[in-house]
Amino acid sequence: MKQFVDNFRKYMYLLGQLVKKDIKLRYRRSYLGILWTLIEPLLTMIVLTVVFGSLLGRDSTDAAFEGVPFPLYVLTGRLLYSFFSSSTNSSMKSIRRNGAMIKKVYVPKYIYPFSGIIANFIIFIISLLVLFGVLIFFLCTGKYGAPLNAYMFLSVIPLLNLLVLAMGVGMILSTLNVFFRDVEYLWSVVLMLIMYCSAIFYFVDKMGKGTQRFVKLNPLFGIINNFRRTFFGQPFDMKLLMYTSVFAAGTMIVGLFIFYRKQDDFIMYI
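Quick caveat, the model's predicted, so the values are computed rather than measured. (Residues numbered from 1 in each chain as written. Predicted model: local features only at pLDDT ≥ 70, side-chain atom pairs only at ≥ 80, totals over all residues. Heavy atoms only, no water.)

Engineer: I tried to follow the packing of helix α4 (residues 70-97) against helix α6 (residues 111-140) on my own but got confused; where do I start?
Structural biologist: Helix packing geometry: the angle between the two helix axes and the distance between the axes. Where α4 contacts α6, the axes come no closer than 8 Å and their chain directions differ by 170°. Taken together, the axis directions place α4 and α6 in an arrangement best described as roughly antiparallel. Residue classes in the contact of α4 with α6 are distributed as 18 nonpolar, nine polar and no charged. (Axes fitted to C-alpha atoms, helices over the stretch in contact; angles between N-to-C directions. Helix = DSSP H or I, 4+ residues; strand = E, 2+ residues; numbered from the N terminus. Parallel < 35°, antiparallel > 145°, perpendicular 65-115°, else oblique. Nonpolar A, V, L, I, M, F, W, Y, C, P; charged D, E, K, R; others polar.)

Structural data, given as structure tokens:
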């Protein structure tokens with residue numbers, strides 16, 4: 001652990017440069033640049049609200065979401081899922097994408113998946129401005145009926161769980177993708193399943209008991225649900241918080257273990 005911390009400090013500057021590079025490359029040749037971080041979730045929120053609000057209804061029987069406008073409910077889920085999807089995809093391809101550098105210069109290999117996740121997390125934090133903007137809009141129009149209280153500050157905890165989960169999954173995927181290119185295609189299918197099981201654009205309390213139990217096995221659902229609860233002025237669902245915290249920490253440990261066991265073999269496959 002001490003060696004890991006010392007190495008991490010030693011290469012902090014390189015990590016910062018890789019993060020900047022990832023952010024710049026994401027918006028290269030785009031006229032609006034980083035403004036798309038704000039525009040894209042807003043447009044997605046409108047589309048999902050129009051489509052799924054009409055199909056599945058805009059009212060929840062869960063008291064935790066009473067008085068919450070449906071577009072705001074959709075936006076909170078979409079923002080968190082979008083970060084998880086983009087960060088895991090970025091870290092999954094990071095070792096192969098930086099293969100030329102890995103062959104020439106010694107750098108701790110975990111720097112590459114970490115840089116992709118951190119870059120996406122910074123973009124995600126910027127995109128939260130949209131969430132606050134939409135909240136203020138509904139407050140000004142009198143359509144927001146949920147409480148505003150100190151619970152909102154606790155929404156940081158689910159975000160930290162999300163970051164740890166993304167790092168753990170990213171480390172596993174970046175390792176597997178070195179040896180099996182099919183992982184990229186399989187992960188796109190898994191991400192689709194995760195999205196539909198995260199209650200982004202529907203209320204899980206309207207589903208049957210069996211469906212609810214299945215959805216709650218998805219740790220991303222638990223993270224999104226607790227973020228929503230606290231952001232909308234409600235206490236945590238403690239069972240979901242414990243489950244997602246343990247799952248995220250366990251995934252991070254497994255990811256680091258697999259990555260360290262296999263990193264010396266990367267050079268033969270990239």
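Engineer: When you look at the packing of helix α10 (residues 219-231) against helix α11 (residues 238-262) in this model, what are you seeing that I'm missing?
Structural biologist: The contact between α10 and α11 brings their axes to 9 Å, and the two run at 130°. Taken together, the axes of α10 and α11 lie oblique to each other. Every pair of crossing elements has a handedness; the one defined by α10 and α11 is left-handed. Residue-level contacts link Pro219, Phe221, Gly222, Ile223, Asn225 and Asn226 of α10 to Leu240, Leu241, Tyr243, Thr244 and Phe247 of α11. Partitioning the contact of α10 with α11 into residue classes produces seven nonpolar, four polar and no charged. (Left-handed = near helix turned anticlockwise from the far one by under 90°. Contact = heavy atoms within 4.5 Å.)

Engineer: It is not clear to me how the pattern of salt bridges should be interpreted in this structure. Could you clarify?
Structural biologist: Oppositely charged side chains can pair when the atoms bearing their charge come close. Inspection of every chain in the model, using the stated rule, returns two salt bridges. Note that Arg78 is salt-bridged to Glu40, the shortest N-O span being 4.0 Å. Here Glu40 lies in helix α3 (residues 36-56) and Arg78 lies in helix α4, a separation of 38 residues in the sequence. Of the charged contacts, one joins Glu184 and Arg181 as a salt bridge, the two residues approaching to 3.6 Å between their closest N and O atoms. (Salt bridge = Lys/Arg side-chain N within 4 Å of Asp/Glu carboxyl O.)

Engineer: I would appreciate a short explanation of unusual backbone geometry in the present structure.
Structural biologist: A negative phi holds for most residues other than glycine; trans holds for most peptide bonds. In this structure, Ala199 is a non-glycine residue whose phi angle is positive, near 55°. Relative to the helices and strands, Ala199 resides in the loop between α8 (183-196) and α9 (209-216).

Engineer: I keep staring at α8 and nothing clicks. Help me out?
Structural biologist: Helical periodicity: at 3.6 residues per turn, an α-helix aligns residues three or four positions apart in one direction. Taking 1.5 Å of rise per residue, 14 residues should cover 20 Å, and α8 covers 20 Å from first to last C-alpha, within 8% of that figure. Those residues of α8 that fall on the buried side of the exposure criterion are Val183, Glu184, Trp187, Leu191, Ile194 and Met195. Looking straight down α8, one finds that the buried residues subtend no more than 110° of arc, so they occupy a single side. Seen from the buried face of α8, the exposed residues on the opposite side, beyond 90 degrees, are Tyr185, Leu186, Val189 and Leu193. (Expected span 1.5 Å × (residues − 1). Buried < 20%, exposed > 50% of the residue type's maximum accessible area, 1.4 Å probe, protein only. Arc of directions from axis to C-beta.)

Engineer: Help me understand the packing of aromatic side chains, please; the structure alone is not making it clear to me.
Structural biologist: Any pair of aromatic rings gets described here by the distance separating the centres and the angle formed by the planes. Enumeration over the complete set of coordinates arrives at 22 aromatic pairs. Both rings, one in Phe70 and one in Tyr73, keep their centres 6.3 Å apart while their planes meet at 15°; by these two values the pair is stacked. Here Tyr73 and Phe70 lie together in helix α4, a separation of three residues that amounts to about one turn. Grouping residues by exposure puts Phe70 and Tyr73 together as buried. (Phe/Tyr/Trp six-rings, centres within 6.5 Å; stacked < 30°, edge-to-face > 60°.)

Honestly, it's all geometry; don't read function into it.
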